There are 2 protein chains.
Amino acid sequence: MPVLNLRSDSADPDTLPEQMAAIGRRARQAARRMALASAQTKDIALQGIAERLRADRDTVLRENDRDVAAAREAGQSEALIDRLRLDDARLAGIAAAVEKVGALADPVGRQLAAIERPNGLLIERVAVPLGVIGVIFESRPNVTADAGALCLKAGNAAILRAGSDSFRTSQAIARAMGQGLEAAGLPADAVQIVPTRDRAAVGMMLAGLDGCVDVIVPRGGRSLVERVQAEAKVPVFAHLDGINHVYVDRAADLDMARTVLLNSKMRRVSVCGAAETLLIDRACADTHLKPLVAALIEAGCAVRGDAATRAADPRVTEATEADWSTEYLDAVIAVRVVAGLDEAIAHIESYGSHHTDAIITEDEEAARRFLAEVDSAIVAHNASTQFADGGEFGFGAEIGIATGRMHARGPVGVEQLTTFKYRVHGRGQTRP
Amino acid sequence: MPVLNLRSDSADPDTLPEQMAAIGRRARQAARRMALASAQTKDIALQGIAERLRADRDTVLRENDRDVAAAREAGQSEALIDRLRLDDARLAGIAAAVEKVGALADPVGRQLAAIERPNGLLIERVAVPLGVIGVIFESRPNVTADAGALCLKAGNAAILRAGSDSFRTSQAIARAMGQGLEAAGLPADAVQIVPTRDRAAVGMMLAGLDGCVDVIVPRGGRSLVERVQAEAKVPVFAHLDGINHVYVDRAADLDMARTVLLNSKMRRVSVCGAAETLLIDRACADTHLKPLVAALIEAGCAVRGDAATRAADPRVTEATEADWSTEYLDAVIAVRVVAGLDEAIAHIESYGSHHTDAIITEDEEAARRFLAEVDSAIVAHNASTQFADGGEFGFGAEIGIATGRMHARGPVGVEQLTTFKYRVHGRGQTRP
């Protein structure tokens, strides 16, 4: 009866600090072993995890049923329950995603630089794992496997904190992962899940568990990310908003602008790479504004515009100041006519969230300036903002997208879950 | 009378938060302009700063005299006054160091990766400046110019907070830097110095000045670094300790071990790369322990050892548990005999500070394991720990050495003062 072995939410609040500290210490120990694991061993472990997830189908789906029933009883929304629910197809997808991470190139041990010094020293900069990664997520139980697999591939240990709703499912998945690790001779503690719904555990993770957490990755909605960014004492890989812009320059090809804009806004409106604001150069407003707005509206997008945009199409409603800094994550867009490239860049710098911004133009110099001057993690020329995705960047998979300036910026894949050290190779050299 | 234009320490504590916030906003604005400055413009500015420092010799040395007199009156130590004092030679050295930074390769705009996607997208990862760097330092006024120049070279703005003792000198140097920037058409605000000795300003910088500080670099003693690491809400590039080890393996050449050990410990005892602990493999203790200890003692180094070391030489005093985690920064070393490579690595992981550790051995496999398993920013084989220095790594200059795991690790040179962004080049691609 493997279900009986699952840790239940019986954590005593009085002993929670000790429990969490012990999780941190075990993670640090496991991280040391993971860091030395060969690419082959890690791949065997990930393959084993995928197989274990398939073998544990009954247990995982039964625990998921219990989570879903509890969410229903608690009156959670259908949208949340849909994110929470697993079935055979979804579980197969989770296992396949773990296998796919296993098949990626090993990011550890890459030589990032080699410096030969006049004194004969050879100094290498080599990729090594980050250490212990804390992942805090909400209702999607697949994050347990997806994020865990990425951390393991990069030689790290992970401490996962599942949302209350996915608590049982996540524990069942984490248990399968621990078994897959052990079968490959790696420590099961390389993937630990916080064994309580008590939110105090999140605060302890954000404080770094006494130096045992190297980075925190929040996976979830705005309020989660906001709390993590405000409280974390350790670095955070995250983005708060994706207030992304498409700027249609005077030298834009109208057909291309329409195609890229519609894809940027409407391909999927709920992803962080979706465009939220359209800026149009006044110099091409006469020819481009009306057809672009019409295309948006015909595609089912509500348009909120400045006076010039409203004048171009009576279906446009008024945009308020707040619209320029709103991430709709919905079929809504704010549209503004700007005096040209400088005003477009100034608008993006003042209202944007430094996530992903695109210019549509045939003018190479305008494109060059936009890509140089817009200070976002991703800047694009004649391409959809929805390419903001680790898979689309060729990273294989991503744990999220970061808009911070340090270490990881843009899609965070397995390479971004490593850091580096210097290896100095000498023959007895001393410093004068 | 240029001295009259220097900001005096007249900051009103009540308005300090507003003053500091304004410094932050000006720095952010200046950083945007610096980020777009060409390599040539930045080099002209740095050259101009060096010339201005020479031209302002009288002012800088007069302000320095006032600082020195005040320090004397306050009963500061001769060591501090020596660090504080400038003369013609030292000022010339400061100017020359700024010129040397100007001559380095521009770290901004380097293509760090290029990804060609099957859909024809070309995705570049390109180095861009970090943004605004806060530098907090103590009595050495040269840090104003050294750290400021490195920040500027990498296209950043700097907010400098000088120690009370070097307050006037640092302001005079910063003023010369601002003039050199303006003469090159760059914003003087790219180097700002906090115009007060009020320590509350440090706390405000550590809180990030409302998002206007991207990273903090403390330059000074342990208590400063400790405070910064404990209180900073923004990333910190620093190291707290350099508890560095030399491990003499059973397969070490004795002559090489002696040479490298003496250099690691005694070349300069006060630098962070100095060795503080010698570990000797029991398998070669019979042949190596006595001569190595004798060489240290004859070089003027006090030796504190475990029982085996004390048995080898009566001049060795007893090492206590505290010695293994003490950074002496003095002619003192702790010596321990270990059972072999595994115990050496375990000792380093348990007592070390992840700064710089070296193995002396002719055994390539032992070296490989040591370099892989010791989790320090710098690991060396048959080379002195005192090579832990940006100049020795070929970085030209460094702002310090970092032992954190994120972004910058090891010597922090101009490349480490940059981050990156992704540029996506398309021809109208959309995401399926």
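Residues numbered from 1 in each chain as written. Chains lettered and ligands numbered in written order. Predicted model: local features only at pLDDT ≥ 70, side-chain atom pairs only at ≥ 80, totals over all residues. Heavy atoms only, no water.

A. Main features of the overall build of chain A. Helix and strand content of chain A: 14 helices and 16 strands. Against the compact-globule benchmark of 22 Å for 432 residues, chain A has a radius of gyration of 24 Å, which places it among compact chains. Expressed along its principal axes, the backbone C-alpha trace of chain A runs to roughly 75 × 65 × 35 Å. A burial count over chain A gives 59% of its 432 residues as buried. For chain A, long-range pairs separated by at least 24 residues make up 72% of all intrachain contacts whose partners lie at least 6 apart in sequence. With the model as given, the accessible surface of chain A reaches about 16,100 Å², and the carbon-plus-sulfur share is 48%. (Helix = DSSP H or I, 4+ residues; strand = E, 2+ residues; numbered from the N terminus. Rg over C-alpha atoms; globule rule 2.2 N^0.38 Å. Buried < 20%, exposed > 50% of the residue type's maximum accessible area, 1.4 Å probe, protein only. Contact = heavy atoms within 4.5 Å. Areas by Shrake-Rupley, 256 points an atom, 1.4 Å probe, with all protein chains shown as cover.)

B. Summary view of the relation of the copies chain A and chain B. Once chain A has been moved 0.0 Å along the axis and rotated by 180 degrees, it coincides with chain B to within an RMSD of 0.0 Å. Taken together, the rotation and translation relating the two chain copies correspond to the operation of a two-fold axis. By C-alpha distance to the rotation axis, the residue of chain A lying nearest is A:H407, at 2.2 Å. Looking at chain A, 100% of its interface residues are interface residues in chain B too, so the copies touch through the same face. (Least-squares fit on C-alpha atoms with pLDDT ≥ 70 in both.)

C. Structural view of the sheet that holds strand β5 (residues 191-193) of chain A. All names here are of chain A. In space, the four strands of this open sheet follow the order β5-β4-β3-β6, with parallel pairing throughout. The open sheet has two edge strands with one neighbour each: β5 and β6 (215-219). Within this sheet the neighbouring strands show an average axis-to-axis angle of 20 degrees, counted without direction. Here three bridges tie strand β4 (residues 157-161) to β5, and the two strands are oriented parallel to one another. Residue pairing in the sheet places I159 in a bridge with Q192 of β5. Docked against the sheet, helix α1 (residues 16-35) engages β3 (132-137), β4 and β5, running at close to 150 degrees with respect to β4. Sheet contacts for helix α6 (residues 142-153): β3, β4, β5 and β6; angle to β3, the most-contacted strand, approximately 165 degrees. (Pairing = 2+ DSSP bridges. Axes fitted to C-alpha atoms, helices over the stretch in contact; angles between N-to-C directions.)

D. Layout of the interface of chain A and chain B. With 69 residues of chain A in contact, the opposing surface of chain B contributes 69 residues. Counting the surface lost from both chain A and chain B, the interface buries some 5,600 Å², and carbon and sulfur atoms represent 53% of this. Connecting chain A to chain B are 47 residue pairs in polar contact (both at pLDDT 80 or more). Put simply, the parts of the chain that give the side of chain A that touches chain B at least two residues each are β2 (122-129), α10 (254-266), α13 (341-351), α14 (364-373), β13 (378-383), β15 (410-412) and β16 (418-429) of chain A. For the side of chain A that touches chain B, the element with the most residues is β16(A), which contributes 11 residues. (Buried area = accessible area lost by both parts, 1.4 Å probe. Polar contact = N/O pair within 3.5 Å; in protein donor to acceptor, adjacent residues only side chain to side chain.)

E. View of the UniProt feature "domain: Aldehyde dehydrogenase" (unreviewed entry) in chain A. Annotation from UniProt places "domain: Aldehyde dehydrogenase" (unreviewed entry) at residues 18-296 of chain A. In this annotation, residues 18-296 of chain A is assigned 52% helix and 16% strand; the end-to-end C-alpha distance for the span is 55 Å. (UniProt positions renumbered as here; feature names shortened; annotations may be inferred.)

F. Examining the confidence of the model for chain A more closely. Per-residue confidence for chain A gives a mean pLDDT of 94, with 97% of residues at or over 70. In this model residues 1-8 of chain A is a low-confidence stretch, pLDDT under 50, and it forms 15 contacts with partners more than four residues away in sequence or in other chains. (pLDDT = per-residue confidence, 0-100.)

G. Region of the structure containing the packing of α10(A) against helix α11 (residues 285-298) of chain A. Residues and elements named next belong to chain A. Closest axis-to-axis distance for the α10/α11 pair is 10 Å, and the angle between their directions is 35 degrees. Considering only the axes of α10 and α11, their crossing is right-handed. Residue-level inspection shows L254, A257, R258, L261, L262 and K265 of α10 in contact with α11, the latter providing T287, H288, P291, L292, A295 and L296. Partitioned by chemical class, the residues of the contact of α10 with α11 number eight nonpolar, two polar and two charged. (Left-handed = near helix turned anticlockwise from the far one by under 90°. Nonpolar A, V, L, I, M, F, W, Y, C, P; charged D, E, K, R; others polar.)

H. Structural context of a negative patch on the surface. Taken together, the side chains of A:D253, A:E362, A:D363 and A:E364 make up a negatively charged region of the molecular surface. As for its position among the elements, A:E362 is in the loop between β12 (356-360) and α14. (Patch = residues over 30% accessible without salt bridge, like charges linked within 9 Å, V, L, I, M, F, W, Y side chains within 5 Å. Salt bridge = Lys/Arg side-chain N within 4 Å of Asp/Glu carboxyl O. Lys, Arg positive; Asp, Glu negative; His and termini not counted. Charge placed at Lys NZ, Arg CZ, Asp CG, Glu CD.)

I. Seen up close, the pairing of strand β11 (residues 332-338) of chain A. All names here are of chain A. Taking burial as the measure, the seven residues of β11 include six buried ones, the bulk of the element. Pairing between strand β9 (residues 302-305) and β11: four bridges, direction parallel. Counterpart to G305 in the pairing with β11 is V335.

J. Spotlight on helix α7 (residues 167-183) of chain A. Residue and element names in this part refer to chain A. Over its 17 residues, α7 runs 25 Å from end to end, which matches the ideal 24 Å to within 8%, given 1.5 Å per residue. With 12 of 17 residues buried, α7 is to be regarded as a mostly interior element. Every buried residue belonging to α7 is among F167, T169, S170, Q171, A172, I173, A174, A176, M177, G178, G180 and L181, and all of these are buried. Just downstream of α7, G185 is the residue with a positive phi angle, here 85 degrees. (Expected span 1.5 Å × (residues − 1).)

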